[in-house]
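Breakdown of the fold
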Amino acid sequence: MYPASFEYIQPTTLAEAARLLNERPEDAKVLAGGQSLIPLLKLRLAGPALLLDIGRLPELKGIRETEAGIEIGALVRHTEIQNSELLARACPLLPETAAEVGDIAVRNRGTFGGSLAHADPAGDFPAAALALEAKFIATSVAGQRTIPAREFFVDLMTTALDPNEILTRVLVPRRGPRTGSAYVKMRQQASGFAIVGVASVVHLDSKGRVEEARVAITGVGPVPYRATMVEEKLRGQKPEDRAIADAAAAAADGVDVTEDLHASAEYRRELTAVFTLRSLEKAAARARMNTSHDRERAHR
Ligand SMILES: Cc1cc2nc3c(=O)[nH]c(=O)nc-3n(C[C@H](O)[C@H](O)[C@H](O)COP(=O)(O)OP(=O)(O)OC[C@H]3O[C@@H](n4cnc5c(N)ncnc54)[C@H](O)[C@@H]3O)c2cc1C
């Protein structure tokens, strides 16, 4: 099927894009990698009168290290994240998550910002962004504002972005020592989307106990969520099999679990506990490994 006709503009600066979007916030749509929007246009599930192609905006490109952490432009493609040496060193959760997105064609075109702004309930990056406590920078004619990850995903495919705002960059705070992370996923075979995806960050104290655990889950409800009950149960514990299993069992507690063609609610609830356990085991093992590396460095 062909999309309904639309006007197409490719602005060359962020200021121009923000001005154009501000003139027609209700009938314009921002186009980034097109991996989600173009199918919606073809199925006529979206029919904007204007497509604002942000693909050439230099302000939205690049991955940089700053004092506060890592800054990732909204236009950075999934493959760039997957192959970034900087991220592999400073934030390995993101390359690990990128490798799980769709297939190589999707990863070559799709963008980090597009994935987050699209807020698919089974998208991978939203879980990683939540677990990392990332901050989202949105730009409009009024200037810039920062939205914490916890406030960004509002409802099914709905974010805290206003219709006249462009997601510009994402800031990932610097991670401390004795920290490990992991993303594991049960993928839907045809599309690769998550039936369940779990991103974990585990930070150990100097005695090897969990100082902080962050667990974010996608694919299970209308929005990705932080499994706060799991996080609380783990705090202060040695991250051993039993403690992790006890905590992971609460991963879908209080969640209205989705039931669809791919999984009944009961099955998905069970998968959520199992994949949370796997994600936490991996993250904890990596935190322990980083602890011994930190010790080695201190002795050198
Ligand atoms: C076959 C297939 C398999 C896939 N499998 C997976 C998967 O396993 N996991 C997964 O997470 N995703 C998957 N995806 C989705 C893919 O990751 C998309 O790249 C992503 O969802 C959207 O990014 P995009 O750059 O293509 O955005 P677009 O399609 O261009 O835009 C998507 C939406 O976000 C808005 N938008 C985009 N950029 C911005 C911005 N900077 N500011 C404000 N709004 C913006 C657009 O207006 C639009 O509403 C799959 C897609 C396909 C086609």
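Just above, that's the structure.
Here goes a summary of the coordinates provided. (Residues numbered from 1 in each chain as written. Predicted model: local features only at pLDDT ≥ 70, side-chain atom pairs only at ≥ 80, totals over all residues. Heavy atoms only, no water.)

**Quick word on the overall build of the protein chain**
Of the regular secondary structure elements, the protein chain holds 12 helices and 14 strands. At 20 Å, the protein chain has a C-alpha radius of gyration in line with the 19 Å of a compact globule built from 300 residues. Each principal axis of the C-alpha distribution contributes one length, and for the protein chain these read about 60 × 50 × 30 Å. In the protein chain, buried positions account for 49% of the 300 residues. Taking the contacts inside the protein chain whose residues are at least 6 apart along the sequence as the reference set, 63% of them involve residues at least 24 apart. Roughly 14,300 Å² of accessible area belongs to the protein chain as shown, and the carbon and sulfur atoms make up 51% of that amount. Charge-centre separation for the protein chain: the mean point of 38 positive side chains lies 5 Å from the mean point of 39 negative side chains. (Helix = DSSP H or I, 4+ residues; strand = E, 2+ residues; numbered from the N terminus. Rg over C-alpha atoms; globule rule 2.2 N^0.38 Å. Buried < 20%, exposed > 50% of the residue type's maximum accessible area, 1.4 Å probe, protein only. Contact = heavy atoms within 4.5 Å. Areas by Shrake-Rupley, 256 points an atom, 1.4 Å probe, with all protein chains shown as cover. Lys, Arg positive; Asp, Glu negative; His and termini not counted. Charge placed at Lys NZ, Arg CZ, Asp CG, Glu CD.)

**With respect to the sheet that holds strand 11 (residues 179-187)**
Through backbone hydrogen bonds, the strands of a sheet pair up, either in parallel or in antiparallel fashion. An order of 11-12-13-14 is seen for the 4 strands of this open sheet, with the pairing classed as antiparallel. At either margin of the open sheet sits one strand with a lone partner, and together these are strand 11 and strand 14 (225-226). (Pairing = 2+ DSSP bridges.)

**Details of the pattern of salt bridges**
Using the criterion set out here, one finds 18 salt bridges in the structure. Residues Arg174 and Glu65 are paired through a salt bridge, measuring 3.6 Å at the closest nitrogen-oxygen approach. Placement of Arg174 in the loop between strand 10 (166-173) and strand 11 and of Glu65 in strand 4 (residues 63-65) is noted, with a sequence separation of 109 residues between them. Linked through salt bridges whose partners overlap, the residues forming this network are Glu133, Glu212, Arg214, Arg226 and Glu231. (Salt bridge = Lys/Arg side-chain N within 4 Å of Asp/Glu carboxyl O.)

**Some thoughts on the nonpolar core**
Core analysis: the biggest nonpolar cluster contains 51 residues, and Ile72, Ile81, Leu94, Leu116 and Phe136 have the highest contact counts within it. Among the elements that take part in this core, helix 8 (residues 125-131) stands out by supplying 6 residues, more than any other. Residues in contact with Ile81, not counting those within four places in the same chain, are Ile72, Val76, Leu87, Leu94, Pro95, Ala98, Phe112 and Phe125. Formed by 31 residues, the second largest nonpolar core is a distinct cluster that contains Val202, Ala247, Val257 and Leu280. (Core = buried A, V, L, I, M, F, W, Y, C linked by side-chain atoms within 4.5 Å.)

**Comments concerning the packing of aromatic side chains**
For the coordinates displayed, the defined rule picks out 4 aromatic pairs. For the pair Phe112 and Phe125, a centre-to-centre distance of 4.9 Å together with 90° between the ring planes defines the contact as edge-to-face. Of this pair, Phe112 sits in helix 7 (residues 112-118) while Phe125 sits in helix 8, and the two are 13 residues apart along the sequence. For Phe125, a relative accessible area of 1% puts it in the buried group. Ring geometry for Phe136 and Phe152: centres 4.1 Å apart, planes at 10°, overall stacked. Taken together, the residues span a long stretch of sequence, with Phe136 in strand 6 (residues 135-140) and Phe152 in helix 9 (residues 149-152) at a distance of 16 residues. Phe152 sits in the buried class, given a relative accessible area of 0%. An aromatic cluster is defined as three or more aromatic residues linked by ring pairs; in this entry it consists of Phe136, Phe152 and Phe153. (Phe/Tyr/Trp six-rings, centres within 6.5 Å; stacked < 30°, edge-to-face > 60°.)

**Details of the site of the ligand**
Surveying the vicinity of the ligand reveals 31 residues, the closest of which are Val30, Gln35, Leu37, Thr111 and Asp124. Taking Leu167, its main chain carries an N or O atom lying 2.8 Å from a nitrogen atom of the ligand. Between Phe193 and the ligand, the recorded distance is 3.3 Å, taken from a backbone N or O atom to an oxygen atom. For the ligand, whose accessible area on its own is 970 Å², the fraction buried by protein is 89%. Put simply, the parts of the chain that give the shell around the ligand at least two residues each are strand 2 (28-31), helix 7 and strand 10. (Near = heavy atom within 4 Å. Polar contact = N/O pair within 3.5 Å; in protein donor to acceptor, adjacent residues only side chain to side chain.)

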